[in-house]
Every structure is written in C-alpha cells, then in structure tokens.
2 protein chains.
Amino acid sequence: MKPSVVTSEPNGHYCDDCAVRGAAVCSSLDAAELREFEHLGRRVHFVSGETVFSEEDITTSFYNVLEGVMRLYKLLPDGRRQIVGFALPGDFLGMNLSGRHNFSADAIGVVKVCQFPKGPFGRFIEDRPQLLRRINELAIRELSQARDHMVLLGRRSADEKVATFLLGWRERLVALNGPSDMVALPMSRQDIADYLGLTIETVSRTFTKLERLGVIEIIHGGISLLDPARVEAMAAA
Amino acid sequence: MKPSVVTSEPNGHYCDDCAVRGAAVCSSLDAAELREFEHLGRRVHFVSGETVFSEEDITTSFYNVLEGVMRLYKLLPDGRRQIVGFALPGDFLGMNLSGRHNFSADAIGVVKVCQFPKGPFGRFIEDRPQLLRRINELAIRELSQARDHMVLLGRRSADEKVATFLLGWRERLVALNGPSDMVALPMSRQDIADYLGLTIETVSRTFTKLERLGVIEIIHGGISLLDPARVEAMAAA
DNA sequence: AGCCAAATTTGATCTGGGTCAATCGGCTGC
DNA sequence: GCAGCCGATTGACCCAGATCAAATTTGGCT
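All of these numbers come straight from a predicted model, not from anything done at the bench. (Residues numbered from 1 in each chain as written. Chains lettered and ligands numbered in written order. Predicted model: local features only at pLDDT ≥ 70, side-chain atom pairs only at ≥ 80, totals over all residues. Heavy atoms only, no water.)

Peer 1: Is there a simple way to explain the overall build of chain A in this structure?
Peer 2: Scanning chain A from terminus to terminus reveals seven helices and ten strands. By the compact-globule yardstick of 18 Å for 237 residues, chain A fits well, its C-alpha radius of gyration being 19 Å. Along the three orthogonal principal directions, the C-alpha set of chain A runs to about 55 × 40 × 30 Å. Pairs at least 24 apart in sequence give 72% of the contacts found in chain A among residues at least 6 apart. Surface summary for chain A: the accessible area is close to 10,600 Å², and the carbon and sulfur share equals 52%. Computed over 28 positive and 31 negative side-chain charges, the separation of the two mean positions in chain A equals 4 Å. (Helix = DSSP H or I, 4+ residues; strand = E, 2+ residues; numbered from the N terminus. Rg over C-alpha atoms; globule rule 2.2 N^0.38 Å. Contact = heavy atoms within 4.5 Å. Areas by Shrake-Rupley, 256 points an atom, 1.4 Å probe, with all protein chains shown as cover. Lys, Arg positive; Asp, Glu negative; His and termini not counted. Charge placed at Lys NZ, Arg CZ, Asp CG, Glu CD.)

Peer 1: Sorry, what's going on with the protein's contact with DNA strand D here?
Peer 2: Neighbouring DNA strand D are 15 residues, the closest being A158, T202 and H220 of chain A together with R189 and T208 of chain B. Expressed as a percentage, the sugar and phosphate content of the atoms of DNA strand D within 4 Å of the protein is 67%. Residue E201 of chain A places a side-chain N or O atom 3.0 Å away from a base nitrogen belonging to DNA strand D. Here a phosphate oxygen of DNA strand D sits 2.8 Å away from a polar atom, N or O, in the side chain of R189 of chain B. Only helix 6 (200-212) of chain A together with helix 6 (200-212) of chain B provide two or more residues apiece to the surface near DNA strand D. Broken down by element, the surface near DNA strand D gets its largest block of residues, four residues, from helix 6 of chain B. Its residues assigned to classes, the surface near DNA strand D comprises two nonpolar, eight polar and five charged. (Near = heavy atom within 4 Å. Polar contact = N/O pair within 3.5 Å; in protein donor to acceptor, adjacent residues only side chain to side chain. Nonpolar A, V, L, I, M, F, W, Y, C, P; charged D, E, K, R; others polar.)

Peer 1: Would you take a moment to explain the interface of chain B and chain A for this structure?
Peer 2: Reports often express the size of an interface as the amount of accessible area lost when the parts come together. The interface of chain B with chain A comprises 43 residues on the first partner and 43 residues on the second. Between chain B and chain A the total buried area reaches about 4,000 Å² when both faces are included, carbon and sulfur atoms providing 65% of it. It is R147, M150 and R155 of chain B in chain B that bury the most area against chain A; as a group they hold 20% of the surface buried on that side. Of the charged contacts in the structure, one is a salt bridge between R155 of chain B and D194 of chain A, with a shortest N-O distance of 2.8 Å. If you list the elements that add at least two residues to the side of chain B that touches chain A, you get strand 5 (81-87), helix 3 (129-155) and helix 5 (189-196) of chain B. If one sorts the elements of the side of chain B that touches chain A by residue count, helix 3 of chain B sits on top with 21 residues. Along the lines of polarity and charge, the residues of the side of chain B that touches chain A split into 19 nonpolar, nine polar and 15 charged. (Buried area = accessible area lost by both parts, 1.4 Å probe. Salt bridge = Lys/Arg side-chain N within 4 Å of Asp/Glu carboxyl O.)

Peer 1: Explain helix 2 (residues 118-126) of chain B to me, please; I cannot follow it from the model alone.
Peer 2: Because the α-helix completes a turn every 3.6 residues, residues three or four places apart line up on one side. Residue and element names in this part refer to chain B. When we look at burial in helix 2, the residues that qualify are F121, F124 and I125. Buried residues of helix 2, viewed axially, fall in a sector of 100°; they line one side. Looking at the buried positions of helix 2, the neighbouring elements they touch are helix 1 (31-38), strand 4 (61-75), strand 6 (92-93), strand 7 (104-117) and helix 3. (Buried < 20%, exposed > 50% of the residue type's maximum accessible area, 1.4 Å probe, protein only. Arc of directions from axis to C-beta.)

Peer 1: What am I meant to see in the packing of helix 2 of chain B against helix 3 of chain B here?
Peer 2: When two helices pack together, their arrangement is captured by the angle between the axes and the distance separating the axes. All names here are of chain B. Between helix 2 and helix 3, whose axes approach to 7 Å, the crossing angle comes to 115°. With respect to each other, helix 2 and helix 3 are oriented roughly perpendicular. Contacts from F121, F124 and I125 in helix 2 reach P129, L131, L132 and I135 in helix 3. (Axes fitted to C-alpha atoms, helices over the stretch in contact; angles between N-to-C directions. Parallel < 35°, antiparallel > 145°, perpendicular 65-115°, else oblique.)

Peer 1: What exactly am I supposed to notice about the sheet that holds strand 10 (residues 222-225) of chain B here?
Peer 2: One key point about sheets: their strands pair by backbone hydrogen bonds, in either a parallel or an antiparallel sense. All names here are of chain B. If you trace the three strands from one edge of the open sheet to the other, you get 8-10-9, paired in antiparallel fashion. Each edge of the sheet is formed by a strand with only one pairing partner; in this case those strands are strand 8 (182-184) and strand 9 (216-219). In this sheet, neighbouring strand axes are inclined to one another by 25° on average, regardless of whether the strands run parallel or antiparallel. Bridging between strand 8 and strand 10 involves three bridges; their strand directions are antiparallel. Bridge pairing in strand 10 places A184 opposite G222. (Pairing = 2+ DSSP bridges.)

Peer 1: Would you mind going over the relation of the copies chain B and chain A with me for this structure?
Peer 2: Between the two copies of this chain, the relationship is a rotation about some axis together with a displacement along it. Between the two copies, chain B and chain A, the superposition gives an RMSD of 0.0 Å; the rotation angle is 180° and the shift along the axis is 0.0 Å. Both chain copies can therefore be described as sitting about a two-fold axis. When the interface residues of chain B are mapped onto chain A, 100% of them again fall at the interface, so both copies present the same face. (Least-squares fit on C-alpha atoms with pLDDT ≥ 70 in both.)

Peer 1: Sorry, what's going on with the pairing of strand 4 of chain B here?
Peer 2: Along any regular strand the residues' side chains alternate between the sheet's two faces. Residues and elements named next belong to chain B. Taken across its 15 residues, strand 4 has 13 buried, putting it largely inside the fold. In the sheet, strand 4 pairs with strand 7 via eleven bridges, with the strands oriented antiparallel. Bridging across to strand 7, N64 finds its partner in C114. Pairing between strand 4 and strand 6: two bridges, direction antiparallel. Counted as the bridge partner of Y63 is L93 from strand 6. Sheet topology places strand 4 next to strand 5; six bridges connect them, and they run antiparallel. In the sheet register, K74 faces strand 5, and the bridge partner there is Q82. The turn joining strand 4 and strand 5, which pair antiparallel and follow one another in sequence, is formed by five residues; a positive phi near 100° is taken by G79.

Peer 1: When you look at the confidence of the model for chain A in this model, what are you seeing that I'm missing?
Peer 2: Fine structural detail should not be taken from predicted coordinates in areas where pLDDT scores are low. Of the residues in chain A, 94% reach a pLDDT of 70 or more, and the chain-wide mean stands at 91. Scored below 50 in pLDDT, residues 1-11 of chain A makes 19 contacts in the model with residues more than four places away or belonging to other chains. (pLDDT = per-residue confidence, 0-100.)

Quick look at the structure:
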C-alpha cells in the first residue's frame, strides 16, 4: 500500500502517559532526563499499510514504537521479499552506519511511534553514556535474534519454522500483554511466509496441518495454542 | 576437532606491532589509552579446528581477532549446523546480553586473538564513551550484515547464494589484503554449505558449474575469479 | 442484505536441491 | 613409492516445498 497522510500530535506528547516508558530506550533515563527527552521527539501515527521508512531512504530519524506492529523487510530487485523482523511496542529503530536505513518498515494495522530527529537525538546521547549503553544492549539483543533467525532460515524444515514462529511470537505478545494461549496474528499469511522463507501456500497448509493434529485452533485474526508442549516438540529438532 | 593446547605469550604483547591496531575496536583509542589498553589483553593463539568458545559457555572474555579465520556457528540439538559468520582480523567477538556466548567459534587454520577478560575490559570502557560508540558501531554493522544474510538464506537460489558468497568473501579479503581476483577459501566445502544453508554436494556442483561456465577457476585452497561481472550478474536477482 | 475484491485454503503437479552412494584426488606417514 | 584417509566431486534418484490453478472464505462498501 502507498504511504498516505501522516498525522502528528506535536503538543500531545508527554512521556508520562507513554506505555513503553519503562521498557524502551527510555528506561535508561531518570525523570529529569525524560522531561528533556520528551521535547526531542514527537508522536506520529501511521495507518495500516503505510510505509514508515524505506530501505534506500537517508536516515533522518530514530523511532521508538509505542503501539502497533510493523514489518521490517528487504526486497530483492526482482521483488522477492524477506521480512527480517516484526517490530512491537518498545522496539527502537533507525540505528545504522551508512546513513541509510538498510531495511524498509511499514505499519501492520495502526501504528504509533515516537520519532526523534537524528541530530538532536545524537546530541542528547553525547553526554549520556547510559543511554548509549542501553542502545548497545538493544542492538546486541537484536543481533542475537538475527542469528537465531539465520538458523531457522538456513536449517529448519517448514513445520519447524512455523512452530518456532508461533512460539516466538507468542512469547513476545506475552511479554507485552501477559500470559495467554490466544496468539494474535495481525500480519498476513504472506508476511509470515516472507518471514520464514516459505510460500504462502506452505504456511497455510502447515497451519491447517497443525489444526488437524489438534495442537492449534485457527481463529479469527490469530490462533489458539491448544497444546503448547506438542508445538514445542515440533519446533525443536 | 577437539580443543587442544592453548598457548599464550603473556609478555609478548605490544599493540605497537599489532596488525589490526588501526582497524579494530582499538581505532577509537589514542596512543596513551592504547598503552593502558594493551595491559588488559593478552595474545592467545589457536591451532586449526580448536574451539575458541562455545555457545553455552559463560562469557568470560572479549576477543579481538588479530590473524586467521574463525567460523561462528550455532548447532541444533540434532547436529544440524548453521554458520552465522566468519570472523577475520579486526573483528570483535564476545558482546552479549545473557552472559553466555550465543554462538560457538572455532579456528580455521591458525588463529591469533587478543583476549580481554570481561571485568577489566568493562571497567576500561566505563569512562570511555568513544570506545563504547565504536563497539556499538561494530554491532550495528554486524546487524546489517546479518539482515543481508537472512535475505540470502530465505530468498535466494543455490546459484545466487554461492555467487553472493564468493563476491562478499572476496570483498572482505580485498579490504584486508588489497585487490586481487584470487579468492582464498580457507574454510571447507562443508563450512560454505553450512553458511549458505545448502549441502556440501550442492556447493560442490555449483562450483563445478561456475567453472564450466568459465567464470571462475577452482584452484588449490580457493578460486580465481575469471569473470567478476558474470558472477555479479548471477548474484543479483 | 448483496456484491466485488482480496486473502486464504485446497488440490494437482513439478522441480531445485537434498539424499544416498560411489569414486576421485591429495596429503601423510611409513 | 605406496597405503590409507579425508575432503571433494560426480552420478542416480527422491522428496519437501514450490508452482500453478481453482475453490472458498472474508471483508469492505454501497
């Protein structure tokens, strides 16, 4: 989908009521710093399918996801797509070396982000090593996830990929919303396929297979994990 | 291969004659800092096949590769292996969150590293934000490479994988040793296969195919790039 | 409610790359 | 010099997952 209007609420920005205040990069800041920090960023929201930034764009901002889900992906010249991750509230985007984003990001459903212009943000970091350390921490965590995903893409079967995805996604939702066996899947089957290095048909068939085995139930907008232990067994080698 | 003797030269350590002084993490330090820094680490070398650290090991050190090549990999419980990268001189290893390495590393041929105990290194970083910034920079670069590799693993054909690998590996060697169309391949075919998410047979067949097409020549310990442009065409979509 | 468009599921068939099985070198040690 | 071994190559065959092709379900819009 094409980017459309980006609406912002430049005056409605207070970290006080921010859902991710304690989780995101912000968790490394004390109350006074947070006060100063909030003037740097502004809340921006995106409608479903809107592109937040593109692979080849010059980086002008950092983003802190406040609400919603984003798909992060890279495209090959012929249109093949690999989704390199899904961003959820608390995730921090925009770190790069080249001065360009090296992947694209768009909204899955409504997304709200806290957007920081690169310059002021960089200056704010300058004399706050604990914020830099926090960003480093997030980068290292992502790196670890990226390596896990390489194992999945390079060495796992379709069944293992889907099972691993369901468990991993559930874990992220649990961390945000608390325990539940209902796993919301706001992304399309195509998104899941492009994340797992499969086709949409294989993803669909594997879901159906899991349902027939009685380990999940496919419900509207997600699945219900009926037998987490069996899914875990499928995910492991 | 099993780990064998680790020899060290605790007194022979001077950054002055270090080949990677200007390239690695060290590039962020001035002469005085480098003097202090060199007392933190010690040179250790490993013979071919020796394991430098294992996935499940508690992290006790950071490593700066000085010489040689290492394979970095993760294993699934049933033995399937995914190589997540190759480390070359200048690469910095050991960053993690959990306190455990999340991949294993072993030497391909003789390897020399500069090993820093975690504690003293952490304290040294403490009041040197430019070193932290340098480490962050390296982490972000790796993250970008990891994403590129996800695209390769998830969405590229065997031919594209091999061609992309040869060009990428050549680029790294060129950055270290200067331009050349001879591409040394110190790693085994199995290593290449496990890096690309293929089998050894497919890698071998693809090499043979490239040679028959006249775009590479398979030589002892590597290949010669006869027609880089054609290989690039194969690598792109 | 009813209609169109898009997403998903299902089925039939095909194929790229895996698996299994010989060879084929090239070093090493004697 | 040659026996033994290990990595690499080659060949024959197979299969997991891709591709192609319909249904079928869902969702948005009058």
